[in-house]
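Each chain, written out:
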Amino acid sequence: MNRTDHFLSRFMLQKHHGEQSSKAPETRDAAVIIPLISRAEGWSVLFTQRSWQLRHHPGQVCFPGGRKDTSDTSLQMTGLRELEEELGIPSHQIQIIGELTGGQTLSGYHIHPYLARLHHPFTVSPAKAEVEAVFELPLELLLDTNNYQSLIIQRNNKPHKIIGLTVDNWFIWGATAKMLYQLAKQYG
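Reading the values: rules and limits
Residues numbered from 1 in each chain as written. Predicted model: local features only at pLDDT ≥ 70, side-chain atom pairs only at ≥ 80, totals over all residues. Heavy atoms only, no water. Helix = DSSP H or I, 4+ residues; strand = E, 2+ residues; numbered from the N terminus. Buried < 20%, exposed > 50% of the residue type's maximum accessible area, 1.4 Å probe, protein only. Contact = heavy atoms within 4.5 Å. Pairing = 2+ DSSP bridges. Axes fitted to C-alpha atoms, helices over the stretch in contact; angles between N-to-C directions. Expected span 1.5 Å × (residues − 1). Salt bridge = Lys/Arg side-chain N within 4 Å of Asp/Glu carboxyl O. Core = buried A, V, L, I, M, F, W, Y, C linked by side-chain atoms within 4.5 Å.

Asker: Got a sec to walk through the side chain of H112? Specific residues and values, please.
Answerer: Assignment of secondary structure puts H112 in strand β7 (residues 109–118). Note on H112: relative accessible area 10%, which makes it buried. With residues near it in sequence (within four places) discarded, H112 still touches D29, A30, A31, V32, L75 and E99.

Below, the structure written as structure tokens:
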């Protein structure tokens, strides 16, 4: 059993449902799906790059997801709805295997990440208005904490310490990198 398969078996055996973390009253709930894909060469993670035309976070690498709508019956439903809207992948192609600890972003969202397995065969049909690119990165590299680095960014004239990493020329930072690092620390 390789390291990635070991990670998945540990994660699924624990039936991890995430920890409830407190959120400030001014935050808005959002959910993301972290899609895992089994390939012949090993497990990979599906990412999107946000369109450069979007007002918020243009060009940023992220997981499919977004803000909870009033019609969503749960945050898990939010993530699945957003995945279908952004990538055209219906919820019956996804098996949720757990929820990671959520966290607050600098932009005022409380993100609830769901780890999920994407079942074959599937077709990706990106929503051009929202998605610039869709790509996969090897889970093995994302579970290696040595690939992460601390960075300082300026936001509202204040320095903020964030985490980031570069894999296959894709720079991942912010909330997405934080979720991946949490995963790597717990299960890598």
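Asker: I'd like a rundown of the sheet that holds strand β10 (residues 158–167), residues and numbers included.
Answerer: Spatial strand order, β9-β10-β11: 3 strands in an open sheet with antiparallel pairing. The open sheet terminates on both sides in strands that have one partner only, identified here as β9 (149–155) and β11 (170–173). The sheet shows a mean angle of 40° between the axes of neighbouring strands, direction not considered.

Asker: Account for the side chain of T78, with residues named and values stated.
Answerer: Mapped onto the elements of the fold, T78 is located in helix α2 (residues 75–87). Here T78 falls in the buried class, since its relative accessible area comes to 0%. Aside from chain neighbours lying at most four places away, what touches T78 is A31, G66, R67, K68, D69 and D72.

Asker: Account for helix α4 (residues 174–187), with residues named and values stated.
Answerer: Helix length check: α4, at 14 residues, gives a terminal C-alpha distance of 20 Å against a target of 20 Å (1.5 Å per residue), a fit within 8%. Among the residues making up α4, those that are buried are G174, T176, A177, M179, L180, Q182, L183, A184 and Y187.

Asker: How would you summarise the pattern of salt bridges if you had to cite specific residues and measurements?
Answerer: Summed over all chains, the structure comprises 5 salt bridges. With a shortest N-O distance of 2.5 Å, R39 and E136 are connected by a salt bridge. Residue R39 is found in strand β1 (residues 28–39), and its partner E136 is found in strand β8 (residues 131–138); the two are separated by 97 residues along the sequence. Residue classification places E136 among the partly exposed positions, given a relative accessible area of 29%. Note that D72 and R81 form a salt bridge whose closest N and O atoms lie 2.8 Å from each other. The exposure class of D72 is buried, given its relative accessible area of 5%. Taking relative accessible area as the criterion, R81 reaches 16% and is therefore assigned buried.

Asker: Before we move on, could you go through the environment of F63 and cite the residues and values that matter?
Answerer: Mapped onto the elements of the fold, F63 is located in the loop between β3 (61–62) and β4 (65–67). Classification of F63 as buried rests on a relative accessible area of 3%. The spatial distance from the C-alpha of F63 to the C-alpha of A31 is 9.4 Å, given a sequence separation of 32 residues. Leaving out residues up to four positions away in the same chain, F63 has contacts with V32, I33, I34, P35, V45, L46, F47, T48, T176, M179 and L180.

Asker: Requested: an account of the nonpolar core, with residues and values cited.
Answerer: One broad rule of soluble globular proteins: the nonpolar side chains tend to lie buried together. Grouped together as the largest cluster of nonpolar side chains are 29 residues, with contacts concentrated most on V45, F47, F63, L142 and I172. For this core, the secondary-structure elements that each account for two or more residues are β1, β2 (42–50), β7, β8, α3 (139–142), β10 and α4. For this core, the element with the most residues is α4, which contributes 6 residues. In terms of nonpolar packing, the next biggest core, distinct from the first, is built from 15 residues, I33, L75, Y114 and L118 among them.

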